[in-house]
Protein chains: 2
Amino acid sequence: MSENTLAIGIDFGGTSVKAGVVRGAEIIDLAPPIATQDFEGPDQLIQVMARAVEDLRSRHEGIAAIGIGLPGFVDFKRGVVTNLTNVRGWIEIPLKEIFQSITGLPVTLDNDANCMAFAEYKLGAAKSYEHVICVALGTGVGGGVIADGKMIRGAKFGAGEIGQTSIDYQGRRGHYGNLGALEDYIGNQEISRDALRTYKAAGVFKDLEDCTPAALAIAAKHGDTIAIEHWNLVGRMLATAMMNACWLLNPEALVIGGGVARAGNLLFDPFREHLLSQLSGPFRDELAILPAAFGHEAGTIGAAALALDEAGFVNLT
Amino acid sequence: MSENTLAIGIDFGGTSVKAGVVRGAEIIDLAPPIATQDFEGPDQLIQVMARAVEDLRSRHEGIAAIGIGLPGFVDFKRGVVTNLTNVRGWIEIPLKEIFQSITGLPVTLDNDANCMAFAEYKLGAAKSYEHVICVALGTGVGGGVIADGKMIRGAKFGAGEIGQTSIDYQGRRGHYGNLGALEDYIGNQEISRDALRTYKAAGVFKDLEDCTPAALAIAAKHGDTIAIEHWNLVGRMLATAMMNACWLLNPEALVIGGGVARAGNLLFDPFREHLLSQLSGPFRDELAILPAAFGHEAGTIGAAALALDEAGFVNLT
């Protein structure tokens, strides 16, 4: 009921499941990570997750709700995991009902990118804004949309997939047949591959591991012009997709997070320049461009905050 | 209070201002059009508009509200016309206040594309849907977004500008510096110019007037392969921008209107094919693709419906 109300946030990733006790914007206790791929299907994994929740509850009194963020399609209203692309057997699992009956607590499920966006909107970089677009730049490019202070989920709860939007109608063919999807240019691995190709064309010998976003950021900071130019290109491509979202939704704040965003000004400077030069006044003049406040903990914090919000608790942090 | 509540809708265009009495989805009386450009500035034109409203009210009892749709930026909340690009002197005009004090009725202003979208959502093609994207294809390409049954206007009421979104990050430079804006490829005049260029390249002699969307539609129906191919290209480009809106907002219905949409299947067939082949299941499987129900009357009907809605009347038609 207060800003101190506790909730458990579960960040269900393709590699590990992390459950933590969250107070406001802080994770105050974390269960040992569970290796997602160690389990044949949902039944066993759900049992292990339930034990982790039980352990956390035994250490903290007054946990009011549980939120779970998942990497794939979630039917937010029914609380059903529709499909997790990279985790076997997770198809049509009524996880909300299962977890509610085990724990007796209100449970909320959502897509992981929506949890990240909700964390930034409620507690992080965009907490003073009502019209927000968040993007997380990693292996994939995910996002979340808040309009008039409400998360936009769409008809089938799939909204926010900015990584699948096209920046080139004649571009690369993506996973869903979509041509020119942003993710197919500025996903972690695509950045590496494209940079490697550019080095090669310039007669510079590099390995793929010399071209990770982290390595490219270091190279650029040391004045490597190819690396600098590649960050410029990444910023420009991201700007196109975000510009499109701006013309469509007229947000007041954009939040950029995820591992690739750690390049900092190498990414943000060209991004800002290319974005603002392609918008008119009402879209541009008061637009805040913000680095995400949370890192890896965004999913856990966001899932917990969302669960409290859905359960009717007001979080004042 | 009933489905018979009357409102006046005013479709304020760059060429003419049309005021009509609207009952449900029907214009039951229309004042003579006023030539927008005949007036030096807002003061005179507002007086003439007020007289037209007075005339309509003298013929119809029980008019409950007035809605005005305008071609440019409108501060929806304050009821101020921020800027009309193509009409002199319309900068920061508190039109809602002026009209309310003249008429004593509740007045609502909005962007014309939002009025069109609201008409289609409340009374037209998309009236059974809650998540809708409307686009109007004409000289410009405008649009409107409805999510969870609410018009999305954004921080500065500019949302819905799908014509300014990019389909090519290296494309043509648009009016606002935006590269590859949809409008710069499938606006009325751009369609003509591009088709003319294609004919020329193929050694076919044509005038610009042989290449209007209407003329191209007739040519295509007679089997002209260049015209058919050009409609295919227009459909594909429109599909890219709408696909992006789908990934971002996961709507359940798309409404396509405006003069260019009169090409019918020549446009809708390639549009549908290119759109659906670039979306995944939750975005694609139940997506309705609908021609607009209203034509030129959409602005008037939508403005009236919006005014009733804002004034708290429930329209049941």
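Criteria and cut-off values
- Residues numbered from 1 in each chain as written.
- Chains lettered and ligands numbered in written order.
- Predicted model: local features only at pLDDT ≥ 70, side-chain atom pairs only at ≥ 80, totals over all residues.
- Helix = DSSP H or I, 4+ residues; strand = E, 2+ residues; numbered from the N terminus.
- Rg over C-alpha atoms; globule rule 2.2 N^0.38 Å.
- Buried ≥ 20, exposed ≤ 12 C-beta atoms within 10 Å, placed from the backbone.
- Contact = placed C-beta atoms within 7 Å.
- Pairing = 2+ DSSP bridges.
- Axes fitted to C-alpha atoms, helices over the stretch in contact; angles between N-to-C directions.
- pLDDT = per-residue confidence, 0-100.
- Least-squares fit on C-alpha atoms with pLDDT ≥ 70 in both.
- Nonpolar A, V, L, I, M, F, W, Y, C, P; charged D, E, K, R; others polar.
- Domains from an automatic or database assignment.

All right, on to the overall build of chain A then. Helix and strand counts for chain A stand at ten helices and 14 strands. A compact globule built from 317 residues should have a C-alpha radius of gyration of about 20 Å, and chain A, at 20 Å, falls within 12% of that. Evaluated residue by residue, chain A yields a buried proportion of 55% over its 317 residues. By sequence separation, contacts in chain A at least 24 residues apart represent 64% of the contacts at least 6 residues apart.

All names here are of chain B. One open sheet accounts for five strands, arranged S12-S11-S10-S13-S14; its pairing is mixed. Both edges of this open sheet fall to strand S12 (150-151) and strand S14 (288-291), since each of them pairs with a single strand only. Where strand S11 (residues 141-147) meets S12, two bridges bridge the pair, whose relative direction is antiparallel. Considered in S12, the bridge of Ile 146 is made with Met 151. Across the face of the sheet, helix H3 (residues 112-122) comes into contact with strand S10 (132-137), S11, S12 and strand S13 (253-257) while running at roughly 50 degrees to S11.

All right, on to unusual backbone geometry then. All names here are of chain B. One non-glycine residue, Glu 92, adopts positive backbone phi at about 55 degrees. Structurally, Glu 92 can be placed in strand S8 (residues 91-93). Despite not being glycine, Asn 250 has its phi angle at roughly 45 degrees, a positive value. With respect to the helices and strands, the residue Asn 250 is situated in the loop between helix H7 (225-249) and S13. A count of 24 C-beta atoms within 10 Å places Asn 250 in the buried class.

Turning our attention to the confidence of the model for chain A. For chain A, mean pLDDT is 95; residues scoring 70 or higher make up 98% of the total. Of the two predicted TM-score estimates for the complex, the pTM is 0.96 and the ipTM is 0.96.

Each copy of the sequence occupies a distinct position, and chain A is placed on chain B by a rotation of 180 degrees and an axial shift of 0.0 Å, giving an RMSD of 0.0 Å. With respect to symmetry, the two chain copies, as superposed, fit the operation of a two-fold axis. Considering only C-alpha atoms, the part of chain A nearest the rotation axis is Asp168(A), at 2.1 Å. The overlap is high: 100% of the interface residues of chain A also sit at the interface in chain B, so the same surface is used on both sides.

With that settled, the discussion passes to the pairing of strand S10 (residues 132-137) of chain A. One face of the sheet, then the other: side chains in a regular strand alternate in exactly this way. Residues and elements named next belong to chain A. Among the six residues in S10, six count as buried, and that is most of the element. Residues Val 132, Cys 134 and Ala 136 line one face of S10 and the alternating positions Ile 133, Val 135 and Leu 137 line the opposite face, and both faces are buried. Bridging between S10 and strand S11 (residues 141-147) involves six bridges; their strand directions are antiparallel. By the bridge assignment for S11, Val 135 is matched with Gly 143. The turn linking S10 back onto S11 is made up of three residues.

What follows is about the interface of chain A and chain B. Tallying the contact residues gives 41 residues for chain A and 41 residues for chain B. Within the residue set of the side of chain A that touches chain B, elements represented by two or more residues are S11, helix H7 (225-249) and helix H9 (281-284) of chain A. Among the residues making up the side of chain A that touches chain B, the classes are represented as 21 nonpolar, 15 polar and five charged.

Attention shifts here to the domain arrangement of chain A. Residues and elements named next belong to chain A. Each assigned domain of chain A is listed with its residue range as follows: domain 1 (6-117 + 297-310) and domain 2 (127-291). Put simply, the middle of domain 1 and the middle of domain 2, counted by C-alpha atoms, are 28 Å apart. Between domain 1 and domain 2, the contact holds ten residues from the first and twelve residues from the second. When residues of the side of domain 1 that touches domain 2 are traced back to their parent elements, those giving at least two are strand S6 (73-75) and helix H3 (112-122). The element that contributes the greatest number of residues to the side of domain 1 that touches domain 2 is H3, accounting for five residues. Looking at the side of domain 1 that touches domain 2 residue by residue, the classes come out as seven nonpolar, one polar and two charged.

All names here are of chain A. The sheet built from three strands is open, its strands ordered S6-S7-S8 with antiparallel pairing. Of all strands in the sheet, those with a lone pairing partner are S6 and strand S8 (91-93), marking the two edges. Pairs of neighbouring strands in the sheet enclose a mean axial angle of 20 degrees, with direction left out of account. Sheet topology places S6 next to strand S7 (residues 80-83); three bridges connect them, and they run antiparallel. Bridge pairing in S7 links Val 74 to Val 81.

All names here are of chain A. With respect to burial, strand S13 (residues 253-257) is a largely interior element, five of its five residues being buried. Here S13 shows no split at all, with Ala 253, Val 255 and Gly 257 on one side and Leu 254 and Ile 256 on the other all buried. When S10 meets S13, the two strands line up parallel, connected through five bridges. Looking at the pairing, Ala 136 lines up with Gly 257 of S13.

Turning to its location among the elements, Ile146(B) is positioned in strand S11. Between the C-alpha atoms of Ile146(B) and Gly41(B), which are 105 residues apart in sequence, the distance is 33 Å.

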